[in-house]
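Take a look at the letters that make up each chain.
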Amino acid sequence: MKKKAKAKIEKVASGLNDLETPIRQACNLAKALLIMSSGENMPLDESEGLFGVAETLVEMIEGLQETRCELWHLARDVAKEGAA
């Protein structure tokens, strides 16, 4: 594999790795919203709306986490194949 291609693959893998923390933090915040929406002091209509938004956010962010992980593994595999 050419050095330029390998460097690009490593850059992609590094960038995907850098996304892990902010994606995880966003997911944790969305999960906190889920917990808050079930609080005793939250009016029912507001609680249901907040729960719906938080649930959607969690699903979307978890999908992003899976995609990031798959792309990172793909970049790693391509880099290994090129090194062989």
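This text gives an overview of the structure that appears in the document. Everything numeric here is computed off the predicted structure, so don't read it as measured data.

## Structural notes on the side chain of S37
For S37, the location among the structural elements is in helix 1 (residues 3–37). Judged by relative accessible area, S37 falls into the buried class, the value being 3%. When near neighbours in sequence (up to four residues on either side) are disregarded, S37 contacts M42, S47, L50 and F51.

## Side note on the side chain of S47
Examined against the element boundaries, S47 turns out to sit in helix 2 (residues 44–83). Classification of S47 as buried rests on a relative accessible area of 13%. Leaving out residues up to four positions away in the same chain, S47 has contacts with S37, S38 and M42.

## Details of helix 1
The terminal C-alpha atoms of helix 1 lie 51 Å apart, and with 35 residues this matches the ideal 51 Å at 1.5 Å per residue to within 8%. Its maximal kink placed at E20, helix 1 deviates by approximately 30°, while the proline P22 follows within four residues. Looking only at helix 1, the buried set comprises I9, A13, L16, I23, C27, A30 and S37. Those residues of helix 1 that are buried lie in contact with helix 2.

## Here we look at the nonpolar core
Counting five residues, the largest nonpolar core consists of I23, C27, A30, V58 and I61. Those elements that place two or more of their residues in this core are helix 1 and helix 2. For this core, the leading source of residues is helix 1, giving three residues. Excluding residues that lie within four positions of it along the chain, A30 makes contacts with A54, L57, V58 and I61.

Cut-off values and rules
- Residues numbered from 1 in each chain as written.
- Predicted model: local features only at pLDDT ≥ 70, side-chain atom pairs only at ≥ 80, totals over all residues.
- Heavy atoms only, no water.
- Helix = DSSP H or I, 4+ residues; strand = E, 2+ residues; numbered from the N terminus.
- Buried < 20%, exposed > 50% of the residue type's maximum accessible area, 1.4 Å probe, protein only.
- Contact = heavy atoms within 4.5 Å.
- Expected span 1.5 Å × (residues − 1).
- Bend = angle between axes of the 7 residues up to and from the residue.
- Core = buried A, V, L, I, M, F, W, Y, C linked by side-chain atoms within 4.5 Å.

Everything listed here is a matter of geometry and, on its own, says nothing about what the molecule does.
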